[in-house]
Amino acid sequence: MSASRRSGTTDELGPDEPEQPERDGADLLAALLDGMDAALCAFDADGVVTHWNREAERILGWSAAEAVGRQGFAGWAVRRADAGEVEERLLSAMRAPGRQVHEFALLTKDGGRVLVRTQSAAVRGPDGRPAGVYCAFSEVHAQIDLERSIALSEALLEDASWGVVLVDVDLRPAVVNAHAARALGAGRTSVLGRPLGDLLAQGVEELESALTHVLAEGAPPGPAEVWVSVRTPEGERRRCWRSGFVRLASPLAEEPVPLGVGWLFQDVTEGKQAEQEAALLRFRTNQLHRAARAAAECEDPAEAAVVHLDFALAGFADHALIDRVVRERGHGAGDLEAVDPEAAGPVRLMRVAATPSGAPGPSVPAGTSGMPVRYGEGHPAVQCVERAGSVRASAGARAVPAERVREWATARQWPADTVHALCAVLRSRGRTLGVVTFLRGSGRSAFERSDAVYAEDVAVRIAAALDLAGAVEGRQGQR
């Protein structure tokens, strides 16, 4: 049975008679009605059912053959007690402008009840007068689910307190909410359609790999933390985004067709940095404790100073040096003696211990030659002694050529691969004994203030050991 009630047809139709296009139009209308996702029925001006599509049959169980031609819903789709009110509410759409929305219970063929939400409007004839009513309806819970989905989408893309980006299959932003636009350092419309590499300086490969995986395999089991560098007018900003991904597929296709990826993220940079700093502090505190335990077992205080240096080097720097202060007393070359550096005269530093410059290994004492290190004027180690405070130095930004970096390190008597340096003064009993220098290569970041604090803690322990070594040597000399 067709989904609509047709007018009568002639018994014989010739090849040139005009009824064929009309019949084709009726078939097309029936096909369109049956293909709709919403249930639809229609009534003429007398309240007789004229149309009934497959979705209406699915919801209520009544076929088009059973529904079309009936007078209203009474006794089959609605309880007789409610039929008058329901019919009045539906047919009132012929007398009202626009669409009317109602909710009421309909009966299924097996006797059950379904709460539906209807939208009804007048159908007007060629003369403009109401000729009937069409009514589209759906189950209330399905309608509510749809409304919730729409409301959720709008809230996420407008008011969410985390970033929401809809990325198309070409991995370009298609929709961006306000929070995400601020995180990306751009406007909501200016980021649309642009490659992620235009927005992020670092972390693009990792992010695009995650998006590609989601398109191919689906959402990962849990959120991922992605470190990125965002390009902003003020420069690059290093951020950590805790990201979740969902694959978007078209609900209209028979088989899932990927539309892109929904990417939701929160900025957790401050929390991650706090975690990293806490972990680093625990590690460094543990290293100081282990160094103190190991140094306490050293019979020679000078060896204890080297032990402190080796423990401090782990995870902190690539190379380290200990230089002790000496000053010239006379005019003869080599007339050197460890004295109070606050006395008049130029500062000279003598190497006490150093780590191997070629490969990792324990620090090696420098011997007893007594020759000063050829540090030039303004050298960071010399400045450290003169100021009695820490000094940081660096070869420059990442764009500095490798040859210039080597020249910079060699001129300061450091290993050729040095890029960053931190000098901490060695003080004990109110005297400056020397300086400890920590060196980093190109694979590490520059020293920061927190690094200087740790280096100063290590320097205090090294200075105490060197001071004790000097006192022991003095007593042995008096004997």
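Residues numbered from 1 in each chain as written. Predicted model: local features only at pLDDT ≥ 70, side-chain atom pairs only at ≥ 80, totals over all residues. Heavy atoms only, no water.

Peer 1: In this structure, what is going on with unusual backbone geometry? I would like to understand it.
Peer 2: Glycine aside, residues mostly have negative phi angles, and peptide bonds mostly take the trans form. In the Ramachandran plot, Ala388 falls in the positive-phi region, its phi being about 55° despite a non-glycine side chain. Locating Ala388 in the fold gives a position in the loop between α11 (380-387) and β16 (391-394). For Gln413, which is not glycine, the phi torsion reads 65° and is therefore positive. Here Gln413 lies in the loop between α12 (402-411) and β17 (420-428). When its relative accessible area of 29% is taken as the criterion, Gln413 is described as partly exposed. (Helix = DSSP H or I, 4+ residues; strand = E, 2+ residues; numbered from the N terminus. Buried < 20%, exposed > 50% of the residue type's maximum accessible area, 1.4 Å probe, protein only.)

Peer 1: Before we go on, may I ask you to explain the sheet that holds strand β5 (residues 130-139) in this structure?
Peer 2: Sheet strands pair via backbone hydrogen bonds, and the direction of the pair is either parallel or antiparallel. Overall, antiparallel pairing links the 5 strands, which are arranged β2-β1-β5-β4-β3 in an open sheet. What marks the edges here is a single partner per strand, and that holds for β2 (49-52) and β3 (100-107). Neighbour to neighbour, the strand axes of the sheet diverge by 30° on average, direction disregarded. As paired strands, strand β1 (residues 39-44) and β5 are joined by 6 bridges and run antiparallel to one another. Residue pairing in the sheet places Ala42 in a bridge with Tyr134 of β5. Sitting on the sheet, helix α4 (residues 80-91) is in contact with β1, β3, β4 (113-124) and β5, with an inclination near 150° to β3. (Pairing = 2+ DSSP bridges. Axes fitted to C-alpha atoms, helices over the stretch in contact; angles between N-to-C directions. Contact = heavy atoms within 4.5 Å.)

Peer 1: I would appreciate a short explanation of the confidence of the model for the protein in the present structure.
Peer 2: Detail in the predicted coordinates should be disregarded across regions flagged by low pLDDT. Confidence along the protein averages 83 in pLDDT terms, with 84% of residues attaining 70 or more. Note on residues 4-15: pLDDT is under 50 here. Beyond four places in sequence and across chains, it has 13 contacts. Confidence drops under pLDDT 50 across residues 329-339; counting only partners more than four residues distant or on other chains, this segment forms 17 contacts. (pLDDT = per-residue confidence, 0-100.)

Peer 1: Which parts of the structure should I look at to understand the environment of Leu259?
Peer 2: Tracing the sequence through the fold places Leu259 in strand β11 (residues 258-267). Taking the C-alpha atoms as reference, Leu259 lies 8.8 Å from Leu215; in sequence the two are 44 residues apart. In this view, Leu259 contacts Val167, Asp168, Val169, Leu248, Ala249 and Ser250; residues no more than four positions away in its chain are not counted.

Peer 1: What's the story with the pattern of salt bridges in this structure? I'm lost.
Peer 2: Oppositely charged side chains are able to pair whenever their charged atoms sit close together. As enumerated under the stated definition, the model contains 19 salt bridges in all. The salt bridge partner of Lys109 is Glu66, with a shortest N-O separation of 2.7 Å. A residue pair is termed long-range when its members are at least 10 positions apart, and Lys109 in the loop between β3 and β4 and Glu66 in helix α3 (residues 64-67) qualify at 43 residues. Here Lys109 falls in the partly exposed class, since its relative accessible area comes to 44%. Salt-bridge contacts for Arg351 lead to Asp323; the nearest nitrogen and oxygen are separated by 2.5 Å. Taken together, the residues span a long stretch of sequence, with Arg351 in strand β14 (residues 348-354) and Asp323 in strand β12 (residues 319-328) at a distance of 28 residues. Ionic contacts of the salt-bridge type, sharing partners, join the residues Glu225, Arg242, Lys272 and Glu275 into one network. (Salt bridge = Lys/Arg side-chain N within 4 Å of Asp/Glu carboxyl O.)

Peer 1: I keep staring at the sheet that holds strand β7 (residues 173-176) and nothing clicks. Help me out?
Peer 2: The 6 strands are arranged β7-β6-β11-β10-β9-β8 in an open sheet whose pairing can be described as antiparallel. Every other strand in the sheet has two partners, leaving β7 and β8 (200-202) as the edge strands with one partner each. Neighbour-to-neighbour, the strand axes of the sheet open up by a mean angle of 40°, direction not taken into account. Strand direction decides the pairing type here: strand β10 (residues 235-249) and β11, joined by 9 bridges, are antiparallel. Across the sheet, residue Leu248 finds its bridge partner in β11, namely Gly260. Across the sheet, helix α9 (residues 269-295) touches β9 (224-232), β10 and β11, and the angle it forms with β9 is around 115°.

Peer 1: Looking at this structure, how should I read helix α5 (residues 140-158)?
Peer 2: An α-helix turns once every 3.6 residues. As a result, residues three or four positions apart point the same way. In a regular helix each residue adds 1.5 Å, so 19 residues correspond to 27 Å; α5 covers 27 Å between its end C-alpha atoms and thus fits that length. Three or more residues of α5 are buried, namely Val140, Gln143 and Leu157. The arc enclosing the buried residues of α5, seen along the axis, measures out at 140°, which places them on a common side. Turned more than 90 degrees from where α5 packs its buried face, Arg148 and Leu152 sit exposed. Looking at the packing, one finds that the buried side of α5 touches β3, β4, β5, β6 (163-167), β7 and α6 (178-184). (Expected span 1.5 Å × (residues − 1). Arc of directions from axis to C-beta.)

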